[in-house]
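Here is what each chain is made of, one letter per residue.
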Amino acid sequence: MRRPLLRPFLLPALLAPLILSAQDPALKDTFQQARDLWAKNGDRAGATAKMEQVVAALAPKAKSLDAEWRHRLCQAYNLLAVLDDRSPATRAHAQDRLQALLDTDPAYELDRDLSTTRLLNAYTQLRAQHFGLVRFTLEPQGGVLKVDGAEMPASGEAWLPLGTRQVAYERPGYARQEQSLAVGAKPAEAAFHLDRVSTALRIFTSPSGTDVLLDGKPVGTTSGTLAPLDKAVADKAGLPPDQISAGFVFDGVGPGKHTLELRAPCHAPKTIEIPARFGDAKQDFDLEP
């Protein structure tokens, strides 16, 4: 079901820098070359050298990588562990590779077509020493899951460090919930069912970096550039996608009328009146750009 739209408003556009989310294409080539050197040529030394280059480039920024590149880094650790495990002289290093993999993403499962039974067992034991499996029920979907204050993917299950964890789930327009969770050897379960408390609005601005005020109170600043899934927003605005911010979501829109104000450097402020029916509805709404 499409969400209702508040009628258009448009800020003057400025040229915005293109934000690149993808890594250097050359790094993808290096990754593939490493896999081919091992899979096609059996060149253990050559494959190791290439994968070490990939790890050296990605590991320092592992926490900021997107899902695709975090997975690629885990694959690199996986292959390096396999290569180290092939020789008695380097076998001890395989454990270090597995530990680095777990530090990057404990939910990663080793490639069973590449990994030996010895590696698979070592990985299972190592993970069990430090992490426990938690299965989540998250309603509604699309919220933010935090463990000990750090955001993590809001998925159906996760491997969390052993011990007592503070887990919170929140979504704009809903009351936040938090619970203390004991993570141990046996799988644990955590259920979050959020209650709707207010309307949530999503807006797009040109330029990005626009301050947003609701009833005179700051609620945040738009940032980034338009996501590919929101291309229709750029079409309606008649602007290139890189000149429009990513969708900015905020809540606290209670019953009655509200005033939205947008402020950007070197631009005249823009004021939009939000009709009472939006605040009364307690739903999610997109505002046209």
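The structure displayed is predicted, hence computed values, not measured ones. (Residues numbered from 1 in each chain as written. Predicted model: local features only at pLDDT ≥ 70, side-chain atom pairs only at ≥ 80, totals over all residues. Heavy atoms only, no water.)

Details of the packing of helix α3 (residues 67-85) against helix α4 (residues 91-104)
Taken N-terminus to C-terminus, the directions of α3 and α4 make an angle of 165 degrees; their axes are 7 Å apart at the nearest point. Judged by the angle between their axes, α3 and α4 are roughly antiparallel. Helix-helix and strand crossings are classified by hand; for α3 and α4 the assignment is left-handed. Taken together, the residues of α4 that come into contact with α3 (itself represented by R70, L73, C74, Y77, N78, L80, A81, D84 and D85) are R91, H93, A94, R97, L98, A100, L101 and T104. Across the contact of α3 with α4, the residue classes break down as nine nonpolar, three polar and five charged. (Axes fitted to C-alpha atoms, helices over the stretch in contact; angles between N-to-C directions. Helix = DSSP H or I, 4+ residues; strand = E, 2+ residues; numbered from the N terminus. Parallel < 35°, antiparallel > 145°, perpendicular 65-115°, else oblique. Left-handed = near helix turned anticlockwise from the far one by under 90°. Contact = heavy atoms within 4.5 Å. Nonpolar A, V, L, I, M, F, W, Y, C, P; charged D, E, K, R; others polar.)

Structural notes on the side chain of T30
Within the element layout of this structure, T30 appears in helix α1 (residues 25-39). Assessed through its relative accessible area of 12%, T30 is described here as buried. For T30, the contacting residues outside a window of four places in its chain are K50, Q53 and V54. (Buried < 20%, exposed > 50% of the residue type's maximum accessible area, 1.4 Å probe, protein only.)

Re the environment of T90
Looking at the secondary structure, you find T90 in the loop between α3 and α4. On a C-alpha basis, the gap between T90 and S64 in space is 30 Å, while along the polypeptide they are 26 residues apart. Among all residues touching T90, those that are not within four sequence positions of it are R44, L83 and D84. There is a polar contact of 2.8 Å between the side chain of T90 and the backbone oxygen of D84. (Polar contact = N/O pair within 3.5 Å; in protein donor to acceptor, adjacent residues only side chain to side chain.)

Topic: the environment of A281
Topologically, A281 is positioned in helix α7 (residues 276-281). A281 gets classed as partly exposed once you look at its relative accessible area, which sits at 28%. Sequence separation of A281 and V253 is 28 residues, and the distance between their C-alpha atoms is 9.8 Å.

Some words on the sheet that holds strand β11 (residues 217-221)
With antiparallel pairing, the four strands of this open sheet are ordered in space as β11-β10-β13-β14. Looking at the sheet topology across the chains shown, the edges are occupied by β11 and β14 (270-274). Neighbour to neighbour, the strand axes of the sheet diverge by 25 degrees on average, direction disregarded. Taken together, the five bridges between strand β13 (residues 258-263) and β14 define a ladder with antiparallel strand orientation. By the bridge assignment for β14, L260 is matched with I272. (Pairing = 2+ DSSP bridges.)

Examining the environment of I272
Structurally, I272 can be placed in strand β14. The sequence separation of I272 and L214 amounts to 58 residues, and the corresponding C-alpha distance is 9.8 Å.

Brief notes about the packing of aromatic side chains
Under the criterion given, the structure shown has three aromatic pairs. Residues Y169 and F192 carry aromatic rings whose centres are separated by 6.0 Å and whose planes lie at 50 degrees to one another, so their mutual orientation is tilted. With Y169 in strand β6 (residues 163-170) and F192 in strand β8 (residues 188-193), the pair connects residues that are 23 residues apart, well separated along the chain. Assessed through its relative accessible area of 0%, F192 is described here as buried. The aromatic ring of F31 is capped on one face by R72, whose charged end is 5.1 Å from the ring centroid. For R127, the ring lying beneath its charged end belongs to W159, and the centroid distance is 4.1 Å. (Phe/Tyr/Trp six-rings, centres within 6.5 Å; stacked < 30°, edge-to-face > 60°. Lys NZ or Arg CZ within 6 Å of the ring centre and 35° of its normal.)

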